[in-house]
Structures are given as C-alpha cells and as structure tokens.
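Examination of the molecular architecture
Chain by chain, the residues run as shown.
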Amino acid sequence: METTTAKVVGPTDGRLGFLGSIGVRFMIDGDETPDRGFSLVEHPMSPRALAAPLHRHTREDEYSYVLEGRMGALLGDEVLEAGPGDLVFKPRNQWHTFWNAGDEPCRILEIIAPAGFEDFFAELDDLGGVLNAEPEQLGELSARYGLEMQPDSVPGLMERFGVRMGEPL
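Here's a quick rundown of the structure. Please read these numbers as outputs of a predicted model, since none were measured by experiment.

On to the layout of surface pockets, then. By volume, the largest pocket amounts to about 450 Å³. Within the residue set of the lining of the largest pocket, elements represented by two or more residues are strand 5 (54-57), helix 1 (118-126), helix 2 (135-144) and strand 12 (147-150). The leading source of residues in the lining of the largest pocket is helix 1, at three residues. Classifying every residue of the lining of the largest pocket by side-chain character gives 21 nonpolar, four polar and three charged.

The geometry of helix 1 relative to helix 2 is characterised by a closest axis approach of 10 Å and an angle of 165° between their N-to-C directions. Between helix 1 and helix 2, the angle is such that the two are roughly antiparallel. Here the hand of the crossing between helix 1 and helix 2 comes out right-handed. Contacts between helix 1 and helix 2 involve Phe120, Glu123 and Leu124 on the former and, on the latter, Leu138, Leu141, Ser142 and Arg144. Its residues assigned to classes, the contact of helix 1 with helix 2 shows four nonpolar, one polar and two charged.

Turning next to the side chain of glutamate 110. The topology assignment puts glutamate 110 in strand 11 (residues 106-113). Polar side-chain contacts of glutamate 110 include one of 2.3 Å to the side chain of serine 64. Each residue touching glutamate 110, except ones within four places of it in the same chain, is listed here: Ser39, Leu40, Val41, His43, Glu62, Tyr63, Ser64, Lys90 and Phe98.

On to the nonpolar core. Core analysis: the biggest nonpolar cluster contains 27 residues, and Met45, Met71, Phe98, Phe120 and Phe121 have the highest contact counts within it. Within the residue set of this core, elements represented by two or more residues are strand 2 (23-28), strand 3 (39-45), strand 7 (71-75), strand 11, helix 1 and helix 2. Element by element, the count of residues in this core is highest for helix 1, at four residues. Residue contacts for phenylalanine 98: discarding those within four places in its chain leaves Ile22, His43, Met45, Leu50, Ala51, Ala52, Met71, Gly72, Ala73, Lys90, Ile108 and Glu110.

Read across the open sheet, the six strands follow the order 1-2-3-11-6-9; overall the sheet is antiparallel. Of all the strands in the sheet, the pair left with one neighbour each is strand 1 (16-18) and strand 9 (87-90). Direction aside, the axes of adjacent strands within the sheet are offset by 25° on average. In the sheet, strand 2 pairs with strand 3 via three bridges, with the strands oriented antiparallel. Looking across to strand 3, one finds that arginine 25 is bridged to glutamate 42.

Attention shifts here to helix 2. Every α-helical turn comprises 3.6 residues, leaving residues that sit three or four positions apart pointing alike. Every buried residue of helix 2 is accounted for by Leu138, Leu141 and Ser142. Buried residues of helix 2, viewed axially, fall in a sector of 100°; they line one side. Turned more than 90 degrees away from the buried face of helix 2, the exposed residues are Glu136 and Ala143. Tucked inside the fold, the buried residues of helix 2 contact helix 1 and strand 12. Glycine 146 occupies a position one or two residues after helix 2 and carries a positive phi of about 65°.

The rules behind the values
Residues numbered from 1 in each chain as written. Predicted model: local features only at pLDDT ≥ 70, side-chain atom pairs only at ≥ 80, totals over all residues. Heavy atoms only, no water. 1 Å grid on protein atoms, 1.4 Å probe; cavity = no way out; pocket = protein on both sides within 12 Å on 5 of 7 lines; lining within 4 Å. Points joined across faces, edges and corners; volume = space filled by probe spheres on them. Helix = DSSP H or I, 4+ residues; strand = E, 2+ residues; numbered from the N terminus. Nonpolar A, V, L, I, M, F, W, Y, C, P; charged D, E, K, R; others polar. Axes fitted to C-alpha atoms, helices over the stretch in contact; angles between N-to-C directions. Parallel < 35°, antiparallel > 145°, perpendicular 65-115°, else oblique. Left-handed = near helix turned anticlockwise from the far one by under 90°. Contact = heavy atoms within 4.5 Å. Polar contact = N/O pair within 3.5 Å; in protein donor to acceptor, adjacent residues only side chain to side chain. Core = buried A, V, L, I, M, F, W, Y, C linked by side-chain atoms within 4.5 Å. Buried < 20%, exposed > 50% of the residue type's maximum accessible area, 1.4 Å probe, protein only. Pairing = 2+ DSSP bridges. Arc of directions from axis to C-beta.

That is the geometry; function is a separate question.
Here's what the structure looks like:
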C-alpha cells in the first residue's frame with residue numbers, strides 16, 4: 001500500500017528489533033514509498049559494535065547517514081570513518097561491512113534503495129538475531145534476499161578494527 005498522506009515518525013516511533021550485534025528501528029517501509037523506491041531504518045550501535053560480517057547486496061544500494069557517534073566502514077579495500085552529518089554510500093555488489101568506531105553509542109539512518117531489504121531485518125529479528133538463527137535458516141534467508149555473507153570474516157574484522165559483537169542499547 002502506498003502512503004498518500006504526510007507522515008511524521010517521532011524519535012520513539014517504529015518497531016524496534018535487535019539483529020544480533022546492532023539494533024534496528026523500522027521507520028519507513030517500502031510499501032509506503034512510490035514504487036517501493038526506498039525504505040528507511042535506524043541502526044543504533046553500542047560502542048565498538050561490529051554490524052555484520054563482510055557481505056554484499058545484489059539487489060539494493062545502501063546509504064548510511066550518521067546521526068551521532070563515529071561509523072567505520074570497509075568498502076571493498078577502502079577503510080573510512082564518518083561522523084555526524086556524513087553520508088556513506090554502499091553500492092550493491094560491493095563487499096562491505098560497518099561498525100561503531102567509537103567508545104560512545106552510534107546511530108545511523110540507513111536508506112535502502114530500492115526497498116525490500118528491510119524485510120530481511122524483520123525476519124532476522126524474528127529469528128532472534130544472527131547469533132540465535134540456525135545456520136540453515138540464515139543461509140536460506142540470505143539467499144531469498146540476494147545477500148552474500150562471509151561469516152568467517154568476523155574474527156579477522158574484530159581483531160583488525162578493535163570491535164566486538166554489540167549489545168542492545
């Protein structure tokens with residue numbers, strides 16, 4: 001269903017979830033945008049939290065707008081850090097990951113275009129997050145959403161960037 005009226009999403013509105021290392025707040029669903037052009041979620045991250053293993057999306061681009069804190073990212077071979085007001089573009093088909101690069105909480109708005117991947121987050125949250133999902137469930141879920149992951153990259157990422165698995169904020 002397409003939204004035909006204005007919508008205000010307040011700071012405490014939207015379904016909250018936890019993906020296993022970072023949080024998710026669902027703000028604008030793809031069904032609320034023309035032609036499912038985009039969706040919007042917020043990712044709160046505890047200090048030094050790794051968001052995900054190396055992964056790539058085959059169907060959508062992601063744009064991360066930093067609201068507070070410092071976000072680190074590995075995009076292909078490039079390592080970068082972004083602060084409040086910065087926008088990081090993560091194009092489809094590029095191996096990447098991101099994390100909270102600071103000792104304080106970090107919050108980012110994640111624009112997903114086109115929409116659809118927000119449903120992956122919802123299903124992953126329903127499974128109890130990446131740490132509680134059975135490997136077969138996670139593999140099937142990833143395949144359905146055109147996501148390729150390298151779970152074995154986590155220990156190296158944690159060591160290289162001084163990050164850990166996060167906790168809910």
